[in-house]
Each structure stands twice: as C-alpha cells, then as structure tokens.
Amino acid sequence: EPEVTQTPSHQVTQMGQEVILRCVPISNHLYFYWYRQILGQKVEFLVSFYNNEISEKSEIFDDQFSVERPDGSNFTLKIRSTKLEDSAMYFCASSERGKQFFGPGTRLTVL
Amino acid sequence: QQQVKQSPQSLIVQKGGISIINCAYENTAFDYFPWYQQFPGKGPALLIAIRPDVSEKKEGRFTISFNKSAKQFSLHIMDSQPGDSATYFCAASIGAGNNRKLIWGLGTSLAVNP
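Since the model is a prediction, treat every value here as computed from it, not as a measurement. (Residues numbered from 1 in each chain as written. Chains lettered and ligands numbered in written order. Predicted model: local features only at pLDDT ≥ 70, side-chain atom pairs only at ≥ 80, totals over all residues. Heavy atoms only, no water.)

Novice: Help me out: how do you make sense of the packing of aromatic side chains in this one?
Specialist: Any two aromatic rings considered together are summarised by their centre-to-centre distance and by the angle between their planes. Residues and elements named next belong to chain B. Counted by the stated rule, this structure contains 23 aromatic pairs over all chains. Considering the side-chain rings of Tyr36 and Trp104, the 5.1 Å spacing of their centres and the 40 degrees angle between planes classify their relative orientation as tilted. Separated by 68 residues along the polypeptide, Tyr36 in strand E4 (residues 33-38) and Trp104 in strand E10 (residues 99-104) bring together distant segments of the chain. (Phe/Tyr/Trp six-rings, centres within 6.5 Å; stacked < 30°, edge-to-face > 60°. Helix = DSSP H or I, 4+ residues; strand = E, 2+ residues; numbered from the N terminus.)

Spelled out as structure tokens, the structure:
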C-alpha cells in the first residue's frame, strides 16, 4: 500500500541553523500539507500546497518557513533560522479526494 | 471559532468494553469530520470520517455519531481490544474541494486492558 515517507526521522540542530525536512507524498496525490505537533499540544496546520504554490498558510508559517516541490516526488519544508520553540514533530500529508494521509513524522529538536 | 474540543484526555477500558471519545466544535462551516488513530512512533492514520449530512457512520467496530444541532460528534469503539490502544484524534476540515486544512482535537490516549 502506498504511503507517505519522511526523512530524517529525527533532526537535531543548533538554534539559528537552517533545516530542511523532506517528504515523499503518495505518487498520484496532488495536495500536500505540513503540520506540526509540539510535545503535549495539538497538531497544528502549517501550510497547504497545490499546483506548485502555497494554497493556504497559518500564522505560524512566517517568513522563516518555506516549502518547495523541487522535483516530481519530493516536498520539503525549510526553516531558515531555527528557534527553540520550533522543536516539535513535523508531519507531512498528502491527500486524495479530501482524505489526508500522513507520514511518520520528523522529530525536530532545536538546542 | 476554529477549535475542536476533545474529551477525555485519557481513557482506560477493559477488553470487550466500549470506548467512547467525544468532540465538540463551534464553526458551522466545518463540513468533514475525520478521526485519526496514532500508534507511538507513527504518523496519524485515518480511521473513519463523516460528513454533517448523516448522523451515524459505522465501519466494523468503529462508529461515528454526529449531532449537527449540538455541534458534537463522537467515536465509539465496540468490543475494544488491546490492539486498539493508541492515541485518537478527532479533527474538523474546512476548505474548498480537495484542498482542506484539518483543525485537530487535543487527542485521547486509549488503553485497553487485557
């Protein structure tokens, strides 16, 4: 069964460094999303992406964040200058007919 | 108000019992209500979903009950099994067509005792 994959599973970085989280959505899906979950808190929507552009973004998704689909298979989330409060689990999702399928997540730890 | 409130935060049920998790929302523009199941170390997996034009949806041992007037919906797990032990999230979806963002509840940690 096709699934969304994410790499790395765990990323540790220093505050102020740039990180790129990678996702491979399910191949025939057209809509892509990033969500994050700070430990003990709700899953929060960050951004949706369709047809090579952002469809919607939350107030969390400020100028430090960007997304890209650099080729036909990958979907990336870049955080330019990480802050301590960016430490969270980041989930990528892709959707078909409104149903969203999630990857296993990348745990980002900012020191 | 774009919130989804979920309760209880944790639940312990005996094997064979019924697990019930409740969610409430405010925004009447929500038009799709999925439930996700998450095991440790895994991403959320879509379990079952409902639209507000029906009051109940059943898939195997999992049933969603939906009360549009009360703006509440719940997940019932019949004949709960130890393998059902996981975190369950309700969510509500808003958006046009296939492009939808999910607004999530806080999650319920379910433990089913053998």
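After that view of the structure, there is still more to cover.
Novice: I tried to follow unusual backbone geometry on my own but got confused; where do I start?
Specialist: Most peptide bonds are trans, and most residues other than glycine sit at a negative phi. All names here are of chain A. A cis geometry characterises the amide bond from Thr7 onward to Pro8, with omega recorded as -10 degrees. Its location among the elements puts Pro8 in the loop between strand E1 (5-7) and strand E2 (10-13). Even without glycine at this site, Arg97 takes up a positive phi of about 50 degrees. With respect to the helices, strands and loops of the structure, Arg97 is situated in the loop between strand E9 (88-96) and strand E10 (99-102).

Novice: Help me out: how do you make sense of the sheet that holds E1 of chain A in this one?
Specialist: The strands that make up a sheet pair up through hydrogen bonds in the backbone, lying either parallel or antiparallel. All names here are of chain A. Strand order across the open sheet formed by 4 strands is E1-E3-E8-E7, with antiparallel pairing between neighbours. What marks the edges here is a single partner per strand, and that holds for E1 and strand E7 (65-68). Pairs of neighbouring strands in the sheet enclose a mean axial angle of 20 degrees, with direction left out of account. With 3 bridges connecting them, E1 and strand E3 (residues 19-24) associate as antiparallel partners. Residue pairing for E3: Thr7 is matched across the bridge by Arg22. (Pairing = 2+ DSSP bridges. Axes fitted to C-alpha atoms, helices over the stretch in contact; angles between N-to-C directions.)

Without other data, these values stay purely geometric and don't point to any function.
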